[in-house]
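Now for the letters of each chain:
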Amino acid sequence: MTRSRRANEKERIVRERGYANKRLNFEDVAEYEYRPSKCRKTYRMVIVRKNISRMKGELTLVDEIRYFFHITTRRDLGPAEVVRLANARCDQENVVAQLKSGVNALRVPLYDLVSNWAYMVMASLAWNLKSWFAMMMHLKADRKRYIAMEFKRFIREMILLPCQVIRRARRTTLRIIGWQPTTDRLFSVWRAIERTGFT
């Protein structure tokens, strides 16, 4: 039995409280051949025209027309497929932004090139460990959410946990003293790691 889709509560609250909102009415896709004046090669230009209504509560204030341009050399895809492919690549832009400002992998804080290279590799490894952690999760929705999660938020939810450190003769125990909704996911991944035999 399939579940019915839940009502969009956020949309309802935005309408009821009279907040400013933007809604996509429809979009058109077109293409033409384009060659810059100093180029010998002809490119394929795919244009998306979006009709967006700017609203406040139930009232439509104005309709905006926005254009997005995609230049490509691929001839094997239709115009709509080119747009879908370009939209899918936006996730890579998010990764670059996270490497730039999340883990600071693209900074050069040290004196020489070798040190800066090592700094960049360590920062990239931190990002990869976050992705690896996400891939160990059981639920597909959790995997997608944690892979796309900002690095600072990941540190706040998964790394910075309040713990009590208990040192005994041959053992150090970390006792988690604060529970948060992500703690169960941490233990779920930990059990998955134990099953692989890496610990």
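Being a predicted model, the structure only gives us computed values, none of them experimental.

So, how was this worked out
- Residues numbered from 1 in each chain as written.
- Predicted model: local features only at pLDDT ≥ 70, side-chain atom pairs only at ≥ 80, totals over all residues.
- Heavy atoms only, no water.
- Helix = DSSP H or I, 4+ residues; strand = E, 2+ residues; numbered from the N terminus.
- Buried < 20%, exposed > 50% of the residue type's maximum accessible area, 1.4 Å probe, protein only.
- Contact = heavy atoms within 4.5 Å.
- Areas by Shrake-Rupley, 256 points an atom, 1.4 Å probe, with all protein chains shown as cover.
- Lys, Arg positive; Asp, Glu negative; His and termini not counted.
- Charge placed at Lys NZ, Arg CZ, Asp CG, Glu CD.
- Phe/Tyr/Trp six-rings, centres within 6.5 Å; stacked < 30°, edge-to-face > 60°.
- Core = buried A, V, L, I, M, F, W, Y, C linked by side-chain atoms within 4.5 Å.
- Polar contact = N/O pair within 3.5 Å; in protein donor to acceptor, adjacent residues only side chain to side chain.
- Pairing = 2+ DSSP bridges.
- Axes fitted to C-alpha atoms, helices over the stretch in contact; angles between N-to-C directions.
- Salt bridge = Lys/Arg side-chain N within 4 Å of Asp/Glu carboxyl O.
- Parallel < 35°, antiparallel > 145°, perpendicular 65-115°, else oblique.
- Left-handed = near helix turned anticlockwise from the far one by under 90°.

Chemist: Looking at this structure, how should I read the overall build of the chain?
Modeler: For the chain, the helix and strand inventory stands at seven helices and five strands. Dimensions of the chain, computed from C-alpha atoms along their principal axes, come out at roughly 75 × 55 × 40 Å. Expressed as a percentage of its 199 residues, the buried residues of the chain come to 24%. In the chain, the share of contacts with a sequence separation of at least 24, taken over all contacts with a separation of at least 6, comes to 41%. Total accessible area computed for the chain in this model is approximately 15,800 Å², and 56% of it derives from carbon and sulfur atoms. Looking at charge distribution, the chain has the averaged site of its 41 positive side-chain charges lying 7 Å from that of its 20 negative ones.

Chemist: In this structure, what is going on with the side chain of Asn51? I would like to understand it.
Modeler: You can see Asn51 is positioned in strand β2 (residues 43-56). In this structure Asn51 comes out as buried when scored by relative accessible area, which is 12%.

Chemist: Explain the packing of aromatic side chains here, please?
Modeler: Here a ring pair, both rings aromatic, is described through the centre-centre distance and the interplanar angle of the planes. The tally for this structure, following the rule as stated, stands at three aromatic pairs. Measuring from centroid to centroid gives 6.4 Å for Phe151 and Phe154, while their planes differ by 35 degrees, and the two rings are tilted. Of this pair, Phe151 and Phe154 both sit in helix α6 (residues 151-159), three residues apart, roughly one helical turn. Accessibility assignment for this pair places Phe151 and Phe154 in one class, buried. Each member of the aromatic cluster is reached from another via a ring pair, and the members are Trp127, Phe133, Phe151 and Phe154.

Chemist: Just to check I follow, could you spell out the nonpolar core for this structure?
Modeler: One recurring pattern in soluble globular proteins is that nonpolar side chains are buried together. Core analysis: the largest hydrophobic core is formed by 13 residues, its most contacted members being Phe133, Met137, Tyr146, Phe154, Met158 and Val189. Of all the elements in the fold, those that place two or more residues in this core are α4 (113-135), α6 and α7 (183-196). By residue number, the principal contributor to this core is α7, which donates four residues.

Chemist: Just checking my understanding: could you explain the side chain of Glu64 for this structure?
Modeler: With respect to the secondary-structure elements, Glu64 resides in strand β3 (residues 59-72). For Glu64, the side chain forms a polar contact with the side chain of Arg54, separated by 2.3 Å. Within the structure, Glu64 has its side chain in polar contact with the side chain of Arg66 (distance 3.1 Å).

Chemist: Before we go on, may I ask you to explain the environment of Arg145 in this structure?
Modeler: Of note, Arg145 is situated in helix α5 (residues 140-148). Between the C-alpha atoms of Arg145 and Ala134, which are 11 residues apart in sequence, the distance is 8.2 Å. Filtering out sequence-adjacent residues up to four positions away, Arg145 remains in contact with Arg153, Glu157 and Arg185.

Chemist: Would you take a moment to explain the sheet that holds strand β1 (residues 20-34) for this structure?
Modeler: Hydrogen bonds along the backbone pair up the strands of a sheet, which may run parallel or antiparallel. Spatial ordering of the open sheet is given by β1-β2-β3, a layout of three strands whose pairing is antiparallel. Edge positions in the open sheet fall to β1 and β3, since each of these has one partner strand only. Shown here is a sheet whose adjacent strand axes are inclined to one another by a mean of 15 degrees, direction ignored. One ladder, built from 13 bridges, connects β2 with β3; its direction is antiparallel. From the neighbouring strand, Ser53 faces β3, where its bridge partner is Asp63.

Chemist: Help me out: how do you make sense of the pattern of salt bridges in this one?
Modeler: Think of it this way: side chains of opposite charge can pair up when their charged atoms draw near. Tallied over the full model, the rule gives 10 salt bridges. The shortest N-O distance in the salt bridge between Glu157 and Arg153 comes to 2.8 Å. Taken together, the residues span about one helical turn, with Glu157 and Arg153 both in helix α6 at a distance of four residues. Classification of Glu157 as buried rests on a relative accessible area of 15%. Shared partners join several salt bridges into a network, and the residues in it are Arg54, Glu64 and Arg66.

Chemist: What exactly am I supposed to notice about the packing of α4 against α6 here?
Modeler: Each packed pair of helices is defined by two parameters, the angle between the axes and the distance between the axes. Relative to each other, α4 and α6 sit at 60 degrees, their axes nearing to 11 Å. The pairing of α4 with α6 is recorded here as oblique in orientation. Read as a crossing pair, α4 and α6 show a hand that is left-handed. Of the residues in α6, those touching α4 at Ala126, Trp127, Lys130 and Phe133 are Phe151, Phe154 and Met158.

Any functional reading would require information beyond the geometric quantities listed.
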